[in-house]
Structure formats: C-alpha cells, structure tokens
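Here are the chains, one letter per residue:
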Amino acid sequence: MGKNHPNVDPYVVSRVRALESLLLEKGILAADAVDRVIQRYEADTGPMVGARVVARAWTDPTYRRLLLDDPTAALARFDLDYAMLRVVENTDAVHNLVVCTLCSCYPSPVLGLPPTWYKMPAYRSRAVSEPRALLREMGLEVEPAREIRVWDSSAEMRYMVLPRRPPGTEGLTEPALVPLITRDALIGVAEVRPAARAAR
C-alpha cells in the first residue's frame, strides 16, 4: 500500500495492515478479498467504465445525448447500476472541473480509486478559489477564452467530465479510443491527447 500510495501517512498504512491481518486471522476476511476489490476498482470497473462510456459517446451521437440527459440509463448499458452521476461536457467554450470541497465524494464505480491529490485540502480549496492556476500547476493550460465551471460533488450527486475528443482521432474505433481516456480527463484536470498518457 505504501509503495502504490506514496502520499499516504505511514501511520495510516500501518493501521490498515494491522486491521487486515486481524480480519484474516479471525477468518472474517478471505485471503484474496482485498486484492479482488482493488483489482475491481483499478481494472475491471473504473476508470475503464468511464473511459468506455466516453468512447461510446464520442462514436455514437445518440448514446452521447443519453449520457448527458440520463446517465443512469447510459451506464446501465455497461451493466452498471449507478444513479448518483451527472455528466458535464467540455466544449470549446467551457472546461469542467470536478471536486468535493467537504470531503472526497467521488464516483468510484465509474472512475475507480480516487487519486491521492483529489482528497487533499489544497486541491479541494483551490479548485474553487483559483481553478485556472491550479490546473496550470497540474499541467493543463486552459485557454483564457474558455470558461471554467467547477462542480462540487456531494453525498447525493457525483460528477464526471465528458472530455473533448482530440483532433486526429476521427478514424479510431470505440475500442481504440478507450486507452486514450484517462481518469484525470474524466475529473477535468487533463485533456485527452491523441497518444495515451499515464494517469497521475
């Protein structure tokens, strides 16, 4: 855990390991249960579900409209029952950014495990107070002419960004588009590039 999440407090890591060991000892937790949950959120569901949803929206205008109007029905087409999501679309005029200012509400079934920085107080406050500067520091320069809209997730509603499709990908199929779409782009701290880029 410490290796994969370098910003996690070592005390927290020790406590989690101790709790896991105790649950295994008592027979409450199966030996591979934690690994299966992590695998599910890292690979089997999000961010792969989110990426697949976006790729479908880019290649199917009818599905794109459904995703924006009724995300629950759109996600059901990927066998995901999730009614807490609203999808906001990036355009040439608007760039969307997702945050949770109160805690770290996040659509894990769609985007997988949240990045460490998403839960940090600096991100949560600066996303609202100075989003353009924050995005610049995270490597994304949003053109001055584009409005930045910040969406504050809550216990009742979570958000996902539908990024702009990058130029030069018009001939790519839905499966070929999926690897280009990162979790960061679905949060709004990155744009999708024609070549795949690793998530933070």
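Refer to the preceding data block for the structure.
The structure reproduced in this document is the subject of the present report. (Residues numbered from 1 in each chain as written. Predicted model: local features only at pLDDT ≥ 70, side-chain atom pairs only at ≥ 80, totals over all residues. Heavy atoms only, no water.)

**Here we look at the packing of helix α3 (residues 48-59) against helix α4 (residues 61-69)**
- It is the contact of α3 with α4, at a shortest axis distance of 5 Å, that shows an interaxial angle of 125°. Comparing the axis directions of α3 and α4 gives the class oblique. In this structure, the crossing between α3 and α4 has a hand that is left-handed. Where α3 approaches α4, its residues Val53, Arg56, Ala57 and Thr59 are matched on the opposing element by Pro61, Tyr63, Arg64 and Leu67. (Axes fitted to C-alpha atoms, helices over the stretch in contact; angles between N-to-C directions. Helix = DSSP H or I, 4+ residues; strand = E, 2+ residues; numbered from the N terminus. Parallel < 35°, antiparallel > 145°, perpendicular 65-115°, else oblique. Left-handed = near helix turned anticlockwise from the far one by under 90°. Contact = heavy atoms within 4.5 Å.)

**Regarding α4**
- For α4, the full list of buried residues reads Tyr63, Leu67 and Leu68. End-on view of α4: buried residues confined to an arc of 135°, all on one side of the axis. α4 presents Pro61, Thr62 and Asp69 as exposed residues on the side facing more than 90 degrees away from its buried surface.
- On the buried face of α4, the contacting elements are α3, α5 (71-76), β1 (85-89) and β4 (158-162).
- Looking at where α4 begins, the residue whose side-chain oxygen comes 3.0 Å from the main-chain nitrogen of Thr62 is Asp60. (Buried < 20%, exposed > 50% of the residue type's maximum accessible area, 1.4 Å probe, protein only. Arc of directions from axis to C-beta. Polar contact = N/O pair within 3.5 Å; in protein donor to acceptor, adjacent residues only side chain to side chain.)

**Side note on the environment of Asp92**
- Inspection of the secondary structure assignment puts Asp92 in the loop between β1 and β2 (94-99).
- With a relative accessible area of 65%, Asp92 lands in the exposed category.
- As for Asp92 and Glu147, which are separated by 55 residues in sequence, their C-alpha atoms are 9.2 Å apart.
- In contact with Asp92, not counting residues within four places along its chain, are Arg146 and Arg164.
- Here Arg164 takes part through its side chain, which lies 3.0 Å from a polar atom of the side chain of Asp92.

**Brief notes about the packing of aromatic side chains**
- Scanning the entire structure with this criterion turns up six aromatic pairs.
- Ring plane angle 65° and centroid distance 4.9 Å describe the contact between Trp117 and Tyr123, whose orientation is recorded as edge-to-face. Comparing Trp117 with Tyr123, the two get one shared label, buried.
- Each member of the aromatic cluster is reached from another via a ring pair, and the members are Tyr106, Trp117, Tyr118 and Tyr123.
- The ring of Tyr63 carries Arg56 above its face, with NZ or CZ at 5.6 Å from the centroid. (Phe/Tyr/Trp six-rings, centres within 6.5 Å; stacked < 30°, edge-to-face > 60°. Lys NZ or Arg CZ within 6 Å of the ring centre and 35° of its normal.)

**So, the environment of Val87**
- Looking at the secondary structure, you find Val87 in strand β1.
- When its relative accessible area of 5% is taken as the criterion, Val87 is described as buried.
- In this structure, the C-alpha to C-alpha distance between Val87 and Leu186, residues 99 residues apart in sequence, is 9.5 Å.
- Look past the residues within four positions of Val87 in its chain and what remains in contact with it is Leu67, Leu68, Pro71, Met160 and Leu162.

The values are spatial; any link to function lies outside them.
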